[in-house]
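A closer look at the structure
Here is what each chain is made of, one letter per residue.
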Amino acid sequence: MRRVLKVAAGSFWGESIMDVAEAGLGLLRDRVASTDAREAVENAVQDRLRPLIARVTGRAGVGKSAVLAVLESVPLDADGLDVRWREGRTDSSDGEVLVHVIAGAVSPVDTALLSSRPRNVLDGTVVVLTKADTLDDPAADAAAASQQLGRTVLPVMGATAAGLRGAGAPLDMADVRAVAAADLSPADLMTVDRFRAVDIDVSTRRREALIECIELRGLALLVDVLRQRPAVSDGDAVRMLADATGADALIAAVCTAVSAAAAARDAELHRTVQQISAGHRRVRDAVESYLASDEAVAAEMRYAALRLGVPIETGSEQVALEQAVLWKRRAAAAGDPDVRRAALALCRGHVRMLRR
């Protein structure tokens, strides 16, 4: 059976890459401890293991805090790296991962900041059109922003998504069902003032708690779900609203960016220790042993797949063999040396799978 493996943290051979990598890096450190390259290798390893800084940027008032709350609500698998989120300024694009938030039309400030970021599959940049619940057609607005920026822009109901993930008051589905059962017109859920003033059996304080949690638009969507499907469970109704917020697409994009940043660090570590070994003969065997290890081969494979924008296919020995042959042929045919190296890394990875 053929399976497609996500290019993210985790071993292709059944163990956590980070667990194995720490052991391999520890062995490398031990083997160079008595050499003149000890400090250089130690610095390279520490640079690989330092916390990954990710920033949420955007102009004041665009909804950065809500997006940050959504991202902080989920554990991001970054090969064991500690991901530290920061709110960034609009005049700085520093950070291995950058989540830039816009609201409404793209501004010159947005364009200037994003133009300072590289444009490739490993650039670690995610762009979000938040407050999508306030737009008539958020998908169309996001598409227009994508065309203007030359980057994919994801529409997200930031405050609603954050509320569902525990950033505000807890969601009381009994109150939501009471609102859905009341004699309300669509106009009564169009403005906060109208909703506060309407005569229903839900107190003002409880109405405000609903708005604090999921915003008025989120409440309107839930009410619509409950009216169309009265028998739907609370859990299913909430999941339908969660799907509508766009949070899952945002988290998936950020997970890919984080994985790419970790993979880029692996590639940089490998380049650095190769350079160190070129100038320090006594560490060459230790470096070559590390680079031939499972974790190093898997890391190179993951980086190559990200660079080429392809999945890693796994499954039977026949699948691994087919993939090894395929990437060997692509390496031989590649005119670009970077593509050739990436194809060879994928070939080596599939060959390693055959040996497991």
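Please refer to the structure placed before this passage.
First, a word on what this report is: a plain description of the structure on this page. Small disclaimer: the values here were computed from a predicted structure and weren't measured. (Residues numbered from 1 in each chain as written. Predicted model: local features only at pLDDT ≥ 70, side-chain atom pairs only at ≥ 80, totals over all residues. Heavy atoms only, no water.)

Within a pair of aromatic rings, the relevant descriptors are the distance that separates the centres and the angle that separates the planes. Per the stated rule, a full pass over the model turns up zero aromatic pairs. When the ring centre of phenylalanine 195 is taken as reference, the NZ or CZ atom of arginine 207 above it lies at 5.8 Å. The ring of tryptophan 327 has arginine 330 lying over it, and the distance from NZ or CZ to the ring centre is 4.7 Å. (Phe/Tyr/Trp six-rings, centres within 6.5 Å; stacked < 30°, edge-to-face > 60°. Lys NZ or Arg CZ within 6 Å of the ring centre and 35° of its normal.)

One finds Trp85, Val99, Leu250 and Val254 to be the most contacted residues of the largest nonpolar core, which totals 32 residues. Mapped by element, the contributors of at least two residues to this core are strand E2 (52-57), helix H3 (64-72), strand E3 (83-87), strand E4 (97-102), strand E5 (125-129), helix H6 (158-164) and helix H11 (247-279). Ranked by residue count, the leading element in this core is H11, at eight residues. Dropping the residues within four chain positions of it, tryptophan 85 is found in contact with Ala54, Arg55, Val56, Leu68, Leu71, Glu72, Leu76, Val97, Val99 and Val254. Formed by 25 residues, the second largest nonpolar core is a distinct cluster that contains Ala182, Leu184, Ile214 and Ala237. (Core = buried A, V, L, I, M, F, W, Y, C linked by side-chain atoms within 4.5 Å. Buried < 20%, exposed > 50% of the residue type's maximum accessible area, 1.4 Å probe, protein only. Helix = DSSP H or I, 4+ residues; strand = E, 2+ residues; numbered from the N terminus. Contact = heavy atoms within 4.5 Å.)

We now examine the sheet that holds E3. Within a sheet, each strand pairs with its neighbour through backbone hydrogen bonds, oriented either parallel or antiparallel. Spatially, E3-E2-E4-E5-E6 is the arrangement adopted by the five strands of the open sheet, whose pairing is parallel. The open sheet has two edge strands with one neighbour each: E3 and strand E6 (153-155). The mean angle between the axes of side-by-side strands here comes to 25 degrees, regardless of whether they run parallel or antiparallel. The strands that H3 touches are E2, E3, E4 and E5; relative to E3, the one it contacts most, it runs at about 170 degrees. (Pairing = 2+ DSSP bridges. Axes fitted to C-alpha atoms, helices over the stretch in contact; angles between N-to-C directions.)

This part is about helix H14 (residues 317-333). Here H14 contains 17 residues, and its C-alpha end-to-end distance of 24 Å stays within 8% of the 24 Å for a straight helix at 1.5 Å per residue. Among the residues of H14, Val319, Ala320, Gln323, Ala324, Trp327 and Ala331 are the ones counted as buried. Burial along H14 is one-sided: seen end-on, the buried residues are contained in an arc of 135 degrees. Seen from the buried face of H14, the exposed residues on the opposite side, beyond 90 degrees, are Lys328, Arg329, Ala332 and Ala333. (Expected span 1.5 Å × (residues − 1). Arc of directions from axis to C-beta.)

Here helix H7 (residues 173-181) crosses helix H9 (residues 204-228) at 55 degrees, and the two axes come no closer than 9 Å. For the element pair H7 / H9, the angle class is oblique. Along this stretch, H7 crosses H9, giving a crossing that reads as right-handed. Between H7 and H9, the residues in contact are Met173, Asp175, Val176, Arg177, Val179 and Ala180 and Arg206, Leu210, Leu219, Leu222, Val223, Leu226 and Arg227, respectively. (Parallel < 35°, antiparallel > 145°, perpendicular 65-115°, else oblique. Left-handed = near helix turned anticlockwise from the far one by under 90°.)

Counted by the stated rule, this structure contains 20 salt bridges. Across the pair arginine 84 and aspartate 82 runs a salt bridge, and its minimum N-O distance is 2.9 Å. Classification of aspartate 82 as partly exposed rests on a relative accessible area of 39%. Linking aspartate 294 and arginine 352 is a salt bridge whose minimum nitrogen-to-oxygen distance equals 2.7 Å. Separated by 58 residues along the polypeptide, aspartate 294 in helix H13 (residues 294-308) and arginine 352 in helix H15 (residues 337-355) bring together distant segments of the chain. The class for aspartate 294 is partly exposed, based on a relative accessible area of 21%. One salt-bridge network, held together by shared partners, links Asp47, Arg50, Glu96 and Arg265. (Salt bridge = Lys/Arg side-chain N within 4 Å of Asp/Glu carboxyl O.)

All right, on to the environment of alanine 286 then. Inspection of the secondary structure puts alanine 286 in helix H12 (residues 284-291). Leave out the neighbours within four places in its chain, and alanine 286 touches Leu28, Arg31 and Val32.

What follows deals with H7. Here H7 has its buried residues at Met173, Asp175, Val176, Val179 and Ala180. The buried residues of H7 occupy an angular sector of 155 degrees when the element is viewed end-on, so they sit on one face. Exposed side chains of H7 directed beyond 90 degrees from the buried face belong to Ala174 and Ala181. In the core, the buried residues of H7 are packed alongside helix H8 (192-197), H9 and helix H10 (234-245). Measuring from the backbone nitrogen of alanine 174 back to the side-chain oxygen at the start of H7 gives 2.9 Å, which picks out aspartate 172 as the cap. (Polar contact = N/O pair within 3.5 Å; in protein donor to acceptor, adjacent residues only side chain to side chain.)

Read these as layout, nothing more, since geometry by itself doesn't imply function.
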